[in-house]
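As a plain string of letters, each chain reads:
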Amino acid sequence: MKTLELLPPDTILASVQKRAEELLFIIEEKMRSLSKAPAGRIKLIRRGGNIHCYHVTSSAKPAGKYIPVSEQKFIKALIQKEYDQTVLAELQYQLKLIDNFIKKYNPSMVRELFGSRGELRRGYISPVTLSDEDYAARWLAQSYKCKSFREGEPEFLTSRGERVRSKSEMIIADILAKNNIPYKYELPQQMKAAGGKLIPVYPDFTCVNLRTRQEFLWEHLGRMDDSDYSMKTVMKLRTYSKNDFIPGKNLILTMECDGIPLDRKEVEALVKTFLR
C-alpha cells in the first residue's frame with residue numbers, strides 16, 4: 001500500500017503517559033514498603049566460606065550488631081530495604097525525566113503548523129501529516145479490483161449499498177461503517193505461499209485504525225462446522241502466518257458455525273480493541 005503521509009500520528013505520548021502512571025504506582029508502593037521497613041542497614045562480611053550479617057543502626061557504631069543466621073526474615077527485610085531505596089531513587093529520577101518530556105512535547109504542533117497557514121497557502125502545500133478525515137479519504141480513494149460474484153450467488157447489501165457474500169459479512173461491514181472505520185472489501189493482497197510463490201489472497205475486509213494508521217485484515221470464518229471449509233481455512237491462516245499476519249497483531253478473526261451465529265457484541269468489542 002502506498003504511503004499516504006510522511007509522518008504518521010504520534011503514538012509516543014500515550015505510551016509515555018502510561019509509563020509515568022506505572023512508575024508512579026511502583027513509587028508509591030515502595031514508599032509504603034519503606035515506611036514499614038526496619039531501621040538501619042545490613043552489612044555483609046565474608047569470612048572463609050561463610051557470610052556474616054551485621055545490623056548497623058548508627059554511624060557511631062559502624063561495626064553493627066551481629067545477626068544470627070536463624071533470623072532470615074529480618075535479614076531479608078534489611079536487604080529488601082536496601083534494594084527498595086536504590087530502586088526508588090532511580091524510579092523517581094525516571095519519572096522526573098518523563099514529566100519534563102510530557103510538559104515540553106507537543107505532537108499536535110506539526111498538524112497545527114499546516115492549519116495555521118492561510119487557505120491560499122494550504123492549497124500549495126503537501127503536508128507531512130494528514131487529518132484523520134483526509135487520510136481516510138485518500139486511503140479509500142485508492143482503487144482496486146475485488147473478486148467477482150458467481151451467477152446466482154445470494155445478494156447481500158450493506159448499509160452503504162456494497163455487495164458482500166454473507167449476512168455476517170454484511171453485519172461486520174455495517175458495524176465498521178457505524179464506527180467510522182475505513183475498510184475495503186476483498187482488497188487483494190499478494191502473499192507468499194508454499195515454495196515462495198506469490199498468490200493473490202482476498203481477506204474479507206482490510207481496515208485501518210486512523211489513530212495509529214495501522215492496517216488490519218479481518219477474516220470471517222463462517223462455516224467452521226464444514227470439514228472441507230475448515231481445512232481450507234487452516235491453509236489460509238497458515239498463509240497469513242507465513243506473511244506475518246498474526247491474530248491479535250494485525251489480523252482480526254471472527255467465526256461461526258451452524259447453531260452458533262456471529263455475535264454482534266463480539267464484533268463491536270473487536271472494533272473497539274483494534275480499530276479505535
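Just so you know, these numbers come straight off a predicted model, no measurement behind them.

Moving on: the sheet that holds strand β1 (residues 41-47). Strand order in this open sheet of three strands is β1-β2-β3, and the pairing throughout is antiparallel. The sheet is open, and its two edges are formed by β1 and β3 (65-67), each paired on a single side. Sheet twist, expressed as the mean angle between neighbouring strand axes with direction ignored, is 40 degrees. Direction of pairing for strand β2 (residues 50-56) relative to β3: antiparallel, over a ladder of three bridges. Looking across to β3, one finds that C53 is bridged to I67. The sheet contacts of helix α2 (residues 72-104) involve β1, β2 and β3, and relative to β1 the element is tilted by about 110 degrees.

Here the focus is the environment of E133. Residue position: E133 is located in helix α5 (residues 132-141). Sequence separation of E133 and P182 is 49 residues, and the distance between their C-alpha atoms is 10.0 Å.

Attention shifts here to the pattern of salt bridges. A complete count under the given rule lists twelve salt bridges for this structure. For R32, the salt bridge is made with E29, and the minimal N-O distance between the two is 2.3 Å. Remark: E29 and R32 occur in helix α1 (residues 12-35); sequence separation between them is three residues, near one turn of the helix. Residues R165 and E153 are paired through a salt bridge, measuring 3.2 Å at the closest nitrogen-oxygen approach. Here R165 is found in the loop between β5 (163-164) and α6 (167-178), whereas its partner E153 is found in the loop between α5 and β4 (156-157), with twelve residues between them in sequence.

The subject of this paragraph is the packing of aromatic side chains. A ring pair, where both rings are aromatic, is described by two values, the distance of the centres and the angle of the planes. With the rule as written, the count across this model stands at six aromatic pairs. When the centroid spacing of 5.7 Å and the interplanar angle of 75 degrees are considered together, the rings of Y183 and F205 count as edge-to-face. Of this pair, Y183 sits in strand β6 (residues 183-185) while F205 sits in strand β9 (residues 205-209), placing them 22 residues apart in sequence. Like Y183, the residue F205 is buried in the burial classification. Feature note: the residues Y183, Y185 and F205 constitute an aromatic cluster, connected by ring pairs. The ring of F149 carries the charged tip of R165 above its face, separated from the ring centre by 4.2 Å. One cation-aromatic arrangement involves K184 over W139; the distance from NZ or CZ to the ring centre is 4.6 Å.

Okay, a nonpolar patch on the surface next. A surface patch of nonpolar side chains, about 350 Å² in accessible area, is lined by L6, L7, V110 and V128. You can see V110 is positioned in helix α3 (residues 109-115). A residue is classified by how much of its surface remains accessible, and V110, at 34% relative accessible area, is partly exposed.

This part takes up the packing of α6 against helix α8 (residues 264-274). α8 packs onto α6 with a crossing angle of 45 degrees between their chain directions and a minimal axis gap of 10 Å. Between α6 and α8, the angle is such that the two are oblique. Here α6 and α8 pass one another in a crossing that is right-handed. Together, I171, I172, I175, L176 and K178 of α6 and R264, V267, E268 and V271 of α8 make up the contact between the two elements. Classifying every residue of the contact of α6 with α8 gives six nonpolar, no polar and three charged.

When you line up the elements, S59 lands in the loop between β2 and β3. Considering only alpha carbons, one finds S59 and G40, 19 residues apart in sequence, at a separation of 9.8 Å.

With that settled, the discussion passes to the state of the cysteines. The tally for this structure, following the rule as stated, stands at zero disulfides. Summary of cysteine pairing: C146 is not part of a disulfide, and the nearest cysteine sulfur, belonging to C207, is at 15 Å. Accessibility expressed as a relative area gives 32% for C146, which makes it partly exposed.

Two numbers describe how α1 lies on α2: the axes approach to 9 Å, and their chain directions differ by 150 degrees. The orientation of α1 relative to α2 falls into the category roughly antiparallel. At the point where α1 passes α2, the crossing takes the left-handed sense. A class-by-class count of the residues in the contact of α1 with α2 yields 17 nonpolar, six polar and four charged.

Thresholds, definitions, all that
Residues numbered from 1 in each chain as written. Predicted model: local features only at pLDDT ≥ 70, side-chain atom pairs only at ≥ 80, totals over all residues. Heavy atoms only, no water. Pairing = 2+ DSSP bridges. Helix = DSSP H or I, 4+ residues; strand = E, 2+ residues; numbered from the N terminus. Axes fitted to C-alpha atoms, helices over the stretch in contact; angles between N-to-C directions. Contact = heavy atoms within 4.5 Å. Salt bridge = Lys/Arg side-chain N within 4 Å of Asp/Glu carboxyl O. Phe/Tyr/Trp six-rings, centres within 6.5 Å; stacked < 30°, edge-to-face > 60°. Buried < 20%, exposed > 50% of the residue type's maximum accessible area, 1.4 Å probe, protein only. Lys NZ or Arg CZ within 6 Å of the ring centre and 35° of its normal. Patch = residues over 30% accessible without salt bridge, like charges linked within 9 Å, V, L, I, M, F, W, Y side chains within 5 Å. Areas by Shrake-Rupley, 256 points an atom, 1.4 Å probe, with all protein chains shown as cover. Parallel < 35°, antiparallel > 145°, perpendicular 65-115°, else oblique. Left-handed = near helix turned anticlockwise from the far one by under 90°. Nonpolar A, V, L, I, M, F, W, Y, C, P; charged D, E, K, R; others polar. Disulfide = S-S within 2.5 Å.

Such coordinate-based values are descriptive only and should not be taken to indicate function.
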